[in-house]
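Chain by chain, the residues:
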Amino acid sequence: MNRNKCIANIKAGYLFPEVAKRRREYAQAHPDAKIISLGIGNTTEPILPHIDRGLTEGAAKLATFEGYSGYQDEGIAELRERISKVFYKGQFGIDEIFISDGAKCDIGRLQLMFGAQTPAAVQDPSYPVYVDGSVLIGAGGGWEDSGYKGITYLPCTAENDYFPDLSALKPNCLIYFCSPNNPTGAVAGREQLAVLVRAAQKNGSFIIFDAAYSEYIRDSGLPKSIFEIDEAKTCAIEVNSFSKPAGFTGVRLGWTVVSKELKYSGGESVNADWSRIASTVFNGASNISQAGGMAALDSEGLAEIRKLSDFYLGNARLIRNVLVKAGIVCTGGDNSPYIWARFPGRDSWEVFTEILEKCQVITTPGSGFGPSGQSFIRFSAFGHRADVEEACERLKKL
Ligand code: MLT
């Protein structure tokens, strides 16, 4: 059996396990160090009571004749309906909303659907799954070379307001776009998203819009969904998740919106293909998670989502303030749980090590998110308040 060339093409280990490995090595060498993580964006706070009741009642129902349910395929109809109402003003039918076990898992399945023939374009820096997943399927014929040839990096820097120059886009490609952005924390404005939609339409491309952090937007003028832009239904798919707003990183629940208006160049329905893919390689999200999702989207649940995201945004404010006071230029942290901090002329992994050694704080090196992330460090606001406060004290040493 020969090894899959596409796996051999992937440059390094997945970013977060690499960070975890360096943390372990440091901890072994310094057994007394009290390391605090502002690294991976993993939620830390307990699920709030109303949403938790949804989960436990969902589990209890499964032990009754009346309440038992087995496979739910594309998701419980009531949950799909509620997602359409809460997030999209009811503009999508339930057969356009597919319940998943999370945004990352659906991104992998979307990559399977679009296959090796389709080149990719990513914001640079970007969430590593877009690039690594594209290399894994040999996107744009990338199995023949280094694996990265089929991927166009679109630099997003302070100079371009973290919105890329789209003139470098190849025709017929998948454009991965995340807003609020992981890792930069930048949020695209309505006019910027309209430019993105027009560019996709013009060159026959589709947008995979990752809205996993949309519930962190506090500025009411900023769009929370690509579908706030006219015409997006004909060129975009949106993925979203309960992980970051409701603390479901371990529970697992998300959704993907594929409009029936989305068509390939030959006129075939993307929605029909997505249904085919989802039913072939996925058996649906847990019924218990979906019961939790229903609770999260009623009025009490939405208030809890607000409370939890406010808490993490409070952490973000603390981190950002301490960095700014130290003279470090930052973006994000206001409508996003990530702060993107610049260390001019420095190597990201070198700064990562310096912060670890001086402050015993774990961060994520910006270069792990793409070439334009070099000289940046991402700070995550997911942590207990006392830990974040302690980390902020220590960061004063920078
Ligand atoms: C991150 O730290 O970028 C994310 O938490 C990882 C994820 O959501 O998969």
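Described in the following lines is the structure provided in the data block. (Residues numbered from 1 in each chain as written. Predicted model: local features only at pLDDT ≥ 70, side-chain atom pairs only at ≥ 80, totals over all residues. Heavy atoms only, no water.)

1. Points about the overall build of the protein chain
Per the secondary structure count, the protein chain includes 13 helices and 13 strands. In summary, the protein chain has a C-alpha radius of gyration of 21 Å against a globular reference of 21 Å for 398 residues, a match within 12%. The principal-axis extents of the C-alpha atoms in the protein chain amount to approximately 55 × 50 × 50 Å. Out of the 398 residues belonging to the protein chain, those deemed buried represent 55%. Counting contacts in the protein chain only where the partners sit at least 6 residues apart, residues at least 24 apart contribute 73% of the total. Of the accessible surface of the protein chain, which amounts to about 17100 Å², a share of 53% is contributed by carbon and sulfur atoms. Across the protein chain, the mean location of the 42 positive side-chain charges is 3 Å away from that of the 46 negative side-chain charges. (Helix = DSSP H or I, 4+ residues; strand = E, 2+ residues; numbered from the N terminus. Rg over C-alpha atoms; globule rule 2.2 N^0.38 Å. Buried < 20%, exposed > 50% of the residue type's maximum accessible area, 1.4 Å probe, protein only. Contact = heavy atoms within 4.5 Å. Areas by Shrake-Rupley, 256 points an atom, 1.4 Å probe, with all protein chains shown as cover. Lys, Arg positive; Asp, Glu negative; His and termini not counted. Charge placed at Lys NZ, Arg CZ, Asp CG, Glu CD.)

2. Let's talk about the packing of aromatic side chains
One pass over the full model with this rule turns up 24 aromatic pairs. Measuring from ring centre to ring centre gives 5.6 Å for Tyr-127 and Tyr-130, while their planes differ by 85°; the resulting arrangement is edge-to-face. Judged by its relative accessible area of 1%, Tyr-130 is buried. Every member of this aromatic cluster is reached through a ring pair, and the members are Phe-87, Tyr-88, Phe-92, Phe-227, Phe-242, Phe-248 and Trp-255. In this arrangement the basic side chain of Lys-11 is found over the ring face of Tyr-148, its NZ or CZ atom lying 4.1 Å from the centre. (Phe/Tyr/Trp six-rings, centres within 6.5 Å; stacked < 30°, edge-to-face > 60°. Lys NZ or Arg CZ within 6 Å of the ring centre and 35° of its normal.)

3. Let's talk about the state of the cysteines
Summed over the entire model, instances satisfying the criterion amount to 0 disulfides. With no disulfide of its own, Cys-173 has Cys-235 as its nearest cysteine by sulfur position, at a separation of 12 Å. Sulfur of Cys-359: no disulfide; nearest cysteine sulfur belongs to Cys-392 and is 10 Å away. (Disulfide = S-S within 2.5 Å.)

4. Examining unusual backbone geometry
Pro-180 follows Ser-179 through a cis peptide bond whose omega is -10°. For the bond from Asn-182 to Pro-183, the omega torsion is 20°, close enough to zero to count as cis. Following the sequence through the fold, Pro-183 ends up in the loop between β5 (174-178) and α7 (190-202). Located in the positive-phi region is Asp-161, a residue other than glycine, with phi close to 60°.

5. Side note on the site of the ligand
Neighbouring residues of the ligand: Phe-16, Ile-40, Gly-41, Tyr-127, Asn-182, Lys-244, Tyr-338 and Arg-378. Between Asn-182 and the ligand, the recorded distance is 2.8 Å, taken from a side-chain N or O atom to an oxygen atom. Between Lys-244 and the ligand, the recorded distance is 2.8 Å, taken from a side-chain N or O atom to an oxygen atom. For the ligand, whose free accessible area comes to 270 Å², the fraction covered by protein is 85%. Across the shell around the ligand, the residue classes tally to 4 nonpolar, 2 polar and 2 charged. (Near = heavy atom within 4 Å. Polar contact = N/O pair within 3.5 Å; in protein donor to acceptor, adjacent residues only side chain to side chain. Nonpolar A, V, L, I, M, F, W, Y, C, P; charged D, E, K, R; others polar.)

6. Describing the side chain of Lys-233
Inspection of the secondary structure assignment puts Lys-233 in the loop between β6 (206-210) and β7 (236-241). Among buried charged residues, Lys-233 stands out as having no salt bridge; its nearest opposite-charge side chain is Glu-261, 4.1 Å away. A distance of 3.4 Å separates polar atoms of two side chains, one belonging to Lys-233 and the other to Gln-91. Setting aside residues no more than four positions away along its own chain, Lys-233 makes contact with Gln-91, Phe-92, Phe-227, Ser-259, Glu-261 and Leu-262. (Salt bridge = Lys/Arg side-chain N within 4 Å of Asp/Glu carboxyl O.)

7. Re helix α6 (residues 128-136)
For α6, the tally of buried residues reaches 8 of 9 residues, placing the bulk of the element in the interior. Looking only at α6, the buried set comprises Pro-128, Val-129, Tyr-130, Val-131, Asp-132, Gly-133, Ser-134 and Val-135. At the exit of α6 stands Gly-138, carrying a positive phi of roughly 70°.

8. A word on the sheet that holds β6
Here we have 7 strands laid out as an open sheet, ordered β2-β8-β7-β6-β5-β3-β4, and mixed in their pairing. Edge positions in the open sheet fall to β2 (97-100) and β4 (151-155), since each of these has one partner strand only. The mean angle between the axes of side-by-side strands here comes to 20°, regardless of whether they run parallel or antiparallel. Sheet topology note: the β7/strand β8 (residues 254-257) ladder contains 4 bridges and is antiparallel. Across the sheet, the residue bridging to Ser-241 is Gly-254, located in β8. Across the face of the sheet, helix α4 (residues 77-88) comes into contact with β2, β7 and β8 while running at roughly 110° to β2. Relative to the sheet, helix α5 (residues 103-114) contacts β2, β5, β6, β7 and β8, its axis offset from that of β7 by approximately 150°. (Pairing = 2+ DSSP bridges. Axes fitted to C-alpha atoms, helices over the stretch in contact; angles between N-to-C directions.)

9. Some words on the pattern of salt bridges
Evaluation of the coordinates by the stated rule reveals 17 salt bridges. Taking the shortest distance from any N to any O, the salt bridge between Arg-190 and Glu-228 comes out at 2.8 Å. In this pair, Arg-190 sits in helix α7 while Glu-228 sits in the loop between β6 and β7, placing the two residues 38 residues apart along the sequence.

10. Side note on helix α2 (residues 15-29)
The end-to-end C-alpha distance of α2 is 22 Å, a good match for the 21 Å that 15 residues give at a rise of 1.5 Å each. Taken residue by residue, α2 has Leu-15, Phe-16, Val-19 and Tyr-26 as its buried positions. Buried residues of α2, viewed axially, fall in a sector of 95°; they line one side. If you follow the buried residues of α2, they end up packed against α6, α12 (348-359), β11 (361-362), β12 (364-365) and β13 (376-380). (Expected span 1.5 Å × (residues − 1). Arc of directions from axis to C-beta.)

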